[in-house]
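Here are the chains, one letter per residue:
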Amino acid sequence: MDDQKIAPLNYFLHSYGPASMPTMYLGWVFVAVLVAIFLVVALLLLWAVLHKRSALYPPTIRREAQGMQCIYIGTGITTCILFAMAIYMLVTLNAVAKPTGAPVLTLTVTGYDWWWKVEYEDDDPSRRFVTANEIHIPVGRPLLIKLKSADVIHAFWVPVLAGKTQTIPGLTNRQWLQADVEGSYRGECTQFCGVQHAHMGLEIVAQKEDEFRSWQDAQRKEATISIDVMAGQKIFLDQCAGCHTVRGTEAVGAHAPDLTHLQSRRLIAGGLLTNTPDHLTQWITHAQQLKPGARMPSMVLTAAEIGALSAFLSTLN
Ligand code: HEC
Ligand SMILES: [Cu+2]
């Protein structure tokens, strides 16, 4: 969790993968062309202001014909530029439409108010697993993401890796993605989906193949609950299991983030808080103050219950 790298250049108008690289160049080229056009027009305007037509030289037929000629040339140039830009845009759309090769991984990502459920698919059902908000991927390999929604329309967007795709109730949309640089990339919901839309973040963590494999193996495991935290587990089963799952226990709630490997995640609550013991306690007791409207109530617990529950949650790694 702590040694996770943050990609150094996680900026606007940068790209770290082939699903977004062509679009990034398109953006830069369009900005350059538009700035150039702006400068040319501004200069021509300035020239016109400075060379005002003198009243001593009334318009002649020859001058008017010259004026018309200028308009034809200007329209011609504009049309050519617009056509060139349209063609470049179509070429770019085509370039990002298909993955660089067969996807090595298929994920189903489902948007919920206001978090993301992430399912790693596998032909062997025993190798499938579920997590939330933090998506690990092998660096340099294409993957396929199936996008669904559990409630309203959301949109999945990791700007430096790929364009945005909507998640629509009842539909499965598809999007491919590839990160060519190791690191952690921020994503957002980009379709207004209710009060906490701004706190529906996600993180993509691109890792070396072997690191990714061991992360996957760890995620597949069920939680191992030690006898010391049984009191906390009991509170969890009473208070939290209606919504949350911890694989390996009787908690199988389906409409909240899977907490089996909660401690492996860097952030909680859609990127609102870093995952520290302190923040976890605050979140559990004050979810509605921290993220008003979130689909988790602020839980009313005694200090002893919070202590036992925190001990239980701290073992979910
Ligand atoms: C009514 C359903 C419900 C109950 C009961 C509930 N939760 Fe939640 N919980 C949620 C939802 C929904 C979220 C996601 C909220 C968000 O990010 O908007 C969540 C998020 C969390 C998270 C953050 C997970 C992450 O990775 O982002 C933790 C930790 C958590 N709950 C712990 C608990 C504990 C512990 C209890 C019991 C004391 C509990 N919850 C009870 C619905 C519930
Ligand atoms: Cu949203």
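Model, not experiment: these values are computed from the prediction.

A tally of regular secondary structure across the protein chain gives six helices and twelve strands. Taking 2.2 N^0.38 as the reference for a compact globule, 317 residues should give roughly 20 Å; the C-alpha atoms of the protein chain span a radius of gyration of 27 Å, well beyond that estimate. Projected onto its principal axes, the C-alpha coordinates of the protein chain cover approximately 100 × 45 × 40 Å. For the protein chain, the proportion of its 317 residues judged to be buried stands at 39%. Long-range pairs, those at least 24 residues apart, make up 62% of the contacts in the protein chain between residues at least 6 apart in sequence. Here the protein chain displays about 17,600 Å² of accessible surface, and carbon together with sulfur accounts for 65% of that area.

A few words now on the coordination of the iron atom of ligand 1. Protein coordination at the iron atom of ligand 1 comes from His244 (NE2) and Met296 (SD), with a distance range of 1.9 to 2.1 Å. Classification of His244 as buried rests on a relative accessible area of 11%.

Here we take up the layout of surface pockets. There is about 570 Å³ of room inside the largest pocket. Looking at the largest pocket, it is lined by 30 residues, and the ones nearest its centre are His244, Ala256, Pro257, Trp283 and Met296. Listing elements by their share of the lining of the largest pocket, those giving two or more residues are α4 (230-239), β11 (267-268), α5 (277-290) and α6 (303-314). Here the lining of the largest pocket takes three residues from α5, the largest share from any one element. Each residue belonging to the lining of the largest pocket can be placed in one class, and the counts come to 21 nonpolar, five polar and four charged.

Taken in spatial order, the five strands of this open sheet run β4-β10-β9-β6-β7, and their pairing is mixed. Every other strand in the sheet has two partners, leaving β4 (134-138) and β7 (165-167) as the edge strands with one partner each. Recorded for the sheet is a direction-independent mean angle of 25 degrees between the axes of neighbouring strands. Contacting β4 and β10 (201-207), helix α3 (residues 209-220) runs over the sheet at an angle of about 135 degrees to β4.

Right, let's get into the UniProt feature "domain: Cytochrome c" (unreviewed entry) in the protein chain. In the numbering used here, UniProt assigns the feature "domain: Cytochrome c" (unreviewed entry) to residues 227-317. Regarding residues 227-317, the helix share stands at 40% and the strand share at 4%, and the terminal C-alpha atoms are separated by 16 Å.

All right, on to the domain arrangement of the protein chain then. The domain architecture assigned to the protein chain consists of domain 1 (21-97), domain 2 (106-220) and domain 3 (227-314). Each of domain 1 and domain 2 has a C-alpha centre, and the two are 42 Å apart.

This paragraph deals with the side chain of Asp258. Its location among the elements puts Asp258 in the loop between α4 and β11. On the basis of relative accessibility, which here comes to 8%, the residue Asp258 falls in the buried class. If sequence neighbours within four positions are ignored, Asp258 has contacts with Val130, Thr245, Arg247 and Arg265.

Scoring rules and cut-offs
- Residues numbered from 1 in each chain as written.
- Chains lettered and ligands numbered in written order.
- Predicted model: local features only at pLDDT ≥ 70, side-chain atom pairs only at ≥ 80, totals over all residues.
- Heavy atoms only, no water.
- Helix = DSSP H or I, 4+ residues; strand = E, 2+ residues; numbered from the N terminus.
- Rg over C-alpha atoms; globule rule 2.2 N^0.38 Å.
- Buried < 20%, exposed > 50% of the residue type's maximum accessible area, 1.4 Å probe, protein only.
- Contact = heavy atoms within 4.5 Å.
- Areas by Shrake-Rupley, 256 points an atom, 1.4 Å probe, with all protein chains shown as cover.
- Donors = N, O, S within 2.8 Å, 3.2 Å for Na, K, Ca; no water.
- 1 Å grid on protein atoms, 1.4 Å probe; cavity = no way out; pocket = protein on both sides within 12 Å on 5 of 7 lines; lining within 4 Å.
- Points joined across faces, edges and corners; volume = space filled by probe spheres on them.
- Nonpolar A, V, L, I, M, F, W, Y, C, P; charged D, E, K, R; others polar.
- Pairing = 2+ DSSP bridges.
- Axes fitted to C-alpha atoms, helices over the stretch in contact; angles between N-to-C directions.
- UniProt positions renumbered as here; feature names shortened; annotations may be inferred.
- Domains from an automatic or database assignment.

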